[in-house]
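Understanding the architecture of this molecule
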Amino acid sequence: RKELQESELEADKLKSINAILKEKLQRLQNEHKIVIQTKWKELGKIVEDLKQHHEGEMKSHDAERRKLNTENANIRYELESLGNEKTGIQDKYNQTWRTLKEQKEHSQTHFKEFLIRITDAEERWEQEKATRLNTEHQLKTVNNELTICKELQLVLQNRCHER
């Protein structure tokens, strides 16, 4: 009779532990889901912002480059046809070339910044991935503990029924 009471107490303890583990599992699953959803949204927004910014910059630079290339071609034509005014036109050509070079350097700088931001986003993604894997490991551990508790509960219930 005493053993039966002890088995029942043990079974009650395991039921209580089982309920706590179920709550913990549910909380971890909910937290994991919220973290992943939030991080996906943040990452998507960052990538979209970067794409839009880069596309806008590139369109602007392409338009300016075409404009400057056209000016450059016009200046070359003038140089060939107006030999006596070469010095003034050459200065204009040089200024256009400097502007193009500055535009190119500016574009390269923006592109490098874009790559850095992409790299940062990838690093954050890897960190989130590691967090997710850790959470999944914790969930598996809790599930294993839950399974063990269920098995112990069944064993204790069987013992109680046998007595």
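I will try to describe carefully the structure that is included in this document. Since the structure is predicted, the reported quantities are computational estimates derived from the model, not experimental observations.

Right, let's get into the overall build of the protein. Counting its secondary structure elements, the protein contains 2 helices and 0 strands. Along the longest, intermediate and shortest principal axes, the C-alpha atoms of the protein span 120 × 15 × 15 Å. Burial analysis of the protein (163 residues in total) assigns 21% to the buried set. In the protein, the proportion of contacts linking residues at least 24 apart, taken out of those at least 6 apart, comes to 86%. Carbon together with sulfur atoms contributes 52% to the accessible area of the protein, which is approximately 12,500 Å² in total.

Looking now at the packing of aromatic side chains. How two aromatic rings sit relative to each other is set out by the distance from centre to centre and by the angle between their planes. Taken as a whole and judged by the stated rule, the model has 2 aromatic pairs. When the ring of tryptophan 40 is compared with that of tryptophan 125, the centres are 4.6 Å apart and the planes differ by 55 degrees; the resulting orientation is tilted. Taken together, the residues tryptophan 40 in helix H1 (residues 2–81) and tryptophan 125 in helix H2 (residues 86–162) connect sequence positions 85 residues apart.

As for its position among the elements, glutamate 128 is in helix H2. The class for glutamate 128 is buried, based on a relative accessible area of 18%.

Moving on to the pattern of salt bridges. Across all of its chains, the model carries 6 salt bridges by this definition. Here glutamate 42 makes a salt bridge to lysine 39, at a shortest N to O gap of 3.4 Å. Note that glutamate 42 and lysine 39 are positioned in helix H1 at a spacing of 3 residues, about one turn of the helix. Given the relative accessible area of 28%, lysine 39 is considered partly exposed. With a shortest N-O distance of 2.7 Å, arginine 65 and aspartate 62 are connected by a salt bridge. Note that arginine 65 and aspartate 62 are positioned in helix H1 at a spacing of 3 residues, about one turn of the helix. Judged by relative accessible area, which is 28%, arginine 65 ranks as partly exposed. Looking at aspartate 62, the relative accessible area reads 30%, which means it is partly exposed. Residues participating in the shared-partner salt-bridge network are Lys39, Glu42 and Glu128.

What counts, and at which threshold
- Residues numbered from 1 in each chain as written.
- Predicted model: local features only at pLDDT ≥ 70, side-chain atom pairs only at ≥ 80, totals over all residues.
- Heavy atoms only, no water.
- Helix = DSSP H or I, 4+ residues; strand = E, 2+ residues; numbered from the N terminus.
- Buried < 20%, exposed > 50% of the residue type's maximum accessible area, 1.4 Å probe, protein only.
- Contact = heavy atoms within 4.5 Å.
- Areas by Shrake-Rupley, 256 points an atom, 1.4 Å probe, with all protein chains shown as cover.
- Phe/Tyr/Trp six-rings, centres within 6.5 Å; stacked < 30°, edge-to-face > 60°.
- Salt bridge = Lys/Arg side-chain N within 4 Å of Asp/Glu carboxyl O.

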